[in-house]
Amino acid sequence: MGEKSCEGIETYVIDSEVAAGEPVVESETRVTNSMWRERVPDDIELNDEDYEFLNTEVVSQPWYKYFSPTDTKEEKRLIIKLDLLILIYLFLSSFVKTLDSSAVTYAYVSGMKEDLKMYGNQLTYQNSCFMAGFIVGQIPLTMLATKIPIHLYLPLMDSIWALFTLFIYKIDNYHQLYALRFCTGLFGSFFFPTVQYILGCWYKKTEIVLRSALYFTASQAGSMATGYIQAAAYTHLSGKAWLEGWQWLYVLAFIITIPIALYGMFTLPGLPESLRPQKTSKPWPLGIFVEYPFLTTKERKLARLRMIRERRTSGEKFRINTVLRCLGSSRFWILVVFAVFFSQADGISSNSGLTLWLQAKNYSVSSVNTVTTVIPAVTIIFSLLNGVLVDSWKNPSWSFPFVIGYVTVLNLVAGIILTVWKVGKGGIFFAFFLSGTADSIAAVLYSWANIICSDNSQERALTLSAMNTLGNTFGVWIPLFVWKTEDAPRYLKGYAYNIALDSMMLLLLPALIWLHRRTRVNEMINVIKE
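Scoring rules and cut-offs
- Residues numbered from 1 in each chain as written.
- Predicted model: local features only at pLDDT ≥ 70, side-chain atom pairs only at ≥ 80, totals over all residues.
- Heavy atoms only, no water.
- Helix = DSSP H or I, 4+ residues; strand = E, 2+ residues; numbered from the N terminus.
- Buried < 20%, exposed > 50% of the residue type's maximum accessible area, 1.4 Å probe, protein only.
- Contact = heavy atoms within 4.5 Å.
- Areas by Shrake-Rupley, 256 points an atom, 1.4 Å probe, with all protein chains shown as cover.
- Salt bridge = Lys/Arg side-chain N within 4 Å of Asp/Glu carboxyl O.
- Phe/Tyr/Trp six-rings, centres within 6.5 Å; stacked < 30°, edge-to-face > 60°.
- Lys NZ or Arg CZ within 6 Å of the ring centre and 35° of its normal.
- Patch = residues over 30% accessible without salt bridge, like charges linked within 9 Å, V, L, I, M, F, W, Y side chains within 5 Å.
- Polar contact = N/O pair within 3.5 Å; in protein donor to acceptor, adjacent residues only side chain to side chain.
- Core = buried A, V, L, I, M, F, W, Y, C linked by side-chain atoms within 4.5 Å.
- Expected span 1.5 Å × (residues − 1).
- Lys, Arg positive; Asp, Glu negative; His and termini not counted.
- Charge placed at Lys NZ, Arg CZ, Asp CG, Glu CD.
- Axes fitted to C-alpha atoms, helices over the stretch in contact; angles between N-to-C directions.
- Parallel < 35°, antiparallel > 145°, perpendicular 65-115°, else oblique.
- Left-handed = near helix turned anticlockwise from the far one by under 90°.
- Nonpolar A, V, L, I, M, F, W, Y, C, P; charged D, E, K, R; others polar.

Novice: Can you help me understand the overall build of the protein in this one?
Specialist: Per the secondary structure count, the protein includes 23 helices and 4 strands. Residue burial in the protein is summarised as follows: out of 530 residues, 58% are buried. The long-range share in the protein, meaning contacts at least 24 apart out of those at least 6 apart in sequence, stands at 79%. Accessible surface computed for the protein: about 21,600 Å², of which carbon and sulfur atoms make up 65%.

The structure is reproduced here in structure tokens:
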């Protein structure tokens, strides 16, 4: 990595991505130990081995390998620990949350419609109530997650969310459903952007997309499992304990969630700059919720140095001028506007079109609940494929836009087919299944935002939550006009609207490429100034 210049001064290329074709300020930028000493907090003592680590150029791993060629033995051990301690909990928590969000559609075709007399647009209205709670809570609850210990905050909110999910089994009219869906939307609103923020605090740019994709597949796995669980509940539990099959789904979601929340209290380490202590003097049982023996002192130091080398922080205090600076920046609005289009572009797969088309074709309840699991299966496959593709690509400036671009084109094709509609049963199935690719770039987009906003943790949290919030704001009222239940299963306006959204994403993609490149150049300028 280091090389001698003509003057005999050792120099280093700051970023291989910039060196490989990006606009650069200088072909080489001098990196000295004193510069790293200024960047590293005073409580971290640096030795020669640490300086060598900080000056190591991060190289992308091949697609068939889990670790980068530049990962040390100690770093590989740390990565495995982080995956086991953080990723498993996030996966399981996302899984059960999707049980609730997907449950309404499955319950609707499994008896809820008749029991609650939902014969109009109530299915659309309840989703709007959910999105209203989602939007109200997302930004403040995400920012709160940066202030409260993560290992307590996430499990506590999971437990509250589980209680409101459980209450749905007791409702006897759709007005009560509206209220409870608002509450579940509220207490689950912060989870996605907070998870992206947490991943951005622990993983390198060559690791983050695959981890984000693995987390995201949990929501799709939850959606698939909901279909099978509801099919089993409808067949085997309906009438047991005076409950209908659709009511059992909410009871089961609660039973599954509570142990996962307790698991998170023990396994989540916190954030690199605010880790739980290895030992505590607090008495049992309080002590078991405070101390954290799973990471050694050396691993804690390594975790912080990894993020310092990435120039990604997690310890800034919340300040109002940070918010104002963020709101006035071009990168905030480019990312948010793109997210507005993206968040609605999964309308084909998320508005029950396939479910209601199968019901209209007189498929059995069991068949409807199982056939529709193909869409989340497609999302899982493409999410993992895209995660591996981006993390292993040597030039991130092109890997992110390539993956987002080709998936957008696939979703565009699905929208065109369904707008035409008269393409035969096979064509309809193909289009619905193809629309499952739309959500597969969620991990890619939010990981890209994590990298672009690496320089300030508060700004990063605000941008990630605003992307999801403002994007989903349109999900409250747009469905009332373009995804009306009474228009199902041929949502002509909805499918045409989806085509427009995909087209806008393709038009805005060059702006994201420019933004990424400008961010890399700004990093080099900051290094030179130091």
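Novice: Hey, could you run me through the pattern of salt bridges in this one?
Specialist: Close approach of charged atoms lets side chains of opposite charge pair. Following the criterion strictly, the structure yields 14 salt bridges and no others. When the shortest N-O distance is used, the salt bridge between R306 and E207 registers 2.8 Å. Residue R306 is located in helix α11 (residues 297-310), and its partner E207 is located in the loop between α8 (191-202) and α9 (208-237); the two are separated by 99 residues in the primary sequence. Beyond isolated ion pairs, a larger network of salt bridges with shared partners links D71, E75, K204, E207, R306 and R309.

Novice: How should I be thinking about the packing of aromatic side chains in this particular structure?
Specialist: Two aromatic rings are characterised by how far apart their centres lie and by the angle between their planes. Applying the stated criterion across every chain yields a total of 24 aromatic pairs. Aromatic side chains Y292 and F294 sit 5.1 Å apart centroid to centroid with 85° between the ring planes, which places their arrangement in the edge-to-face category. Taken together, the ring pairs in this structure connect W357, W421, F429, F432, F433, W483, Y491 and Y495 into an aromatic cluster. Its end group placed over the ring of F53, R309 keeps NZ or CZ at 4.0 Å from the ring centre.

Novice: Please clarify how the environment of L358 should be interpreted in this entry.
Specialist: Note that L358 resides in helix α15 (residues 353-360). Expressed as a C-alpha distance, the spacing of L358 and N369, which sit 11 residues apart in the sequence, is 9.7 Å. Setting aside residues up to four positions removed in sequence, L358 forms contacts with Y363, V368, V371, T372 and F429.

Novice: For this particular structure, what's the right way to read a nonpolar patch on the surface?
Specialist: Residues I80, L84, I88, L92 and Y263 make up a contiguous nonpolar surface patch of about 380 Å² in total accessible area. Broken down by element, the residue count for the nonpolar patch peaks at 4 residues, all from helix α4 (residues 73-115). Structurally, the position occupied by L84 is in helix α4.

Novice: Explanation requested: the side chain of T408 in the structure shown.
Specialist: Residue placement: T408 occurs in helix α18 (residues 396-420). Within the local environment of T408, its side chain forms a polar contact with the backbone oxygen of I404, the two atoms lying 2.6 Å apart. Beyond its immediate chain neighbours, meaning those up to four positions away, T408 contacts I441, D502, M505 and L506.

Novice: Please explain the nonpolar core as it appears in this structure.
Specialist: Across soluble globular proteins, nonpolar side chains show a tendency to be buried alongside one another. By size, the foremost hydrophobic cluster in this structure holds 97 residues, and its most contacted members are L90, L154, W202 and L512. If we skip the residues at most four places from it in the chain, L512 touches I334, L335, F338, L445 and W448. In terms of nonpolar packing, the next biggest core, distinct from the first, is built from 37 residues, M112, W246, L418 and L434 among them.

Novice: Got a minute to help me understand the environment of G133 in this structure?
Specialist: Its place among the elements puts G133 in helix α5 (residues 122-145). Here G133 falls in the buried class, since its relative accessible area comes to 0%. Aside from chain neighbours lying at most four places away, what touches G133 is F182, G185, L186 and S189.

Novice: Just checking my understanding: could you explain α18 for this structure?
Specialist: In an α-helix, one turn spans 3.6 residues; hence positions three or four apart end up facing the same way. In this model, α18 (25 residues) spans 37 Å end to end at C-alpha, consistent with the 36 Å of a helix rising 1.5 Å per residue. Backbone geometry just after α18 places W421 at a positive phi near 70°.

Novice: Hey, could you run me through a negative patch on the surface in this one?
Specialist: Taken together, the side chains of D48, E49, E52 and E74 make up a negatively charged region of the molecular surface. Take the negative patch: its biggest share by element is 3 residues, from helix α3 (residues 48-54). Along the polypeptide, E74 turns up in helix α4. Owing to a relative accessible area of 31%, E74 belongs among the partly exposed residues under this scheme.

Novice: So what exactly am I meant to see when it comes to the packing of α5 against helix α7 (residues 174-188) here?
Specialist: To characterise two packed helices, one gives the angle between the axes of the helices and the distance between these axes. The contact between α5 and α7 brings their axes to 6 Å, and the two run at 30°. In terms of orientation, α5 and α7 fall into the roughly parallel class. The chirality of how α5 crosses α7 is right-handed. Packed against α5, whose contacting residues are Q122, Y125, Q126, N127, C129, F130, A132, G133, F134, V136, G137 and L141, the element α7 presents Y174, L177, Y178, R181, F182, T184, G185, L186 and G188 at the interface. Broken down by class, the residue content of the contact of α5 with α7 amounts to 12 nonpolar, 8 polar and 1 charged.

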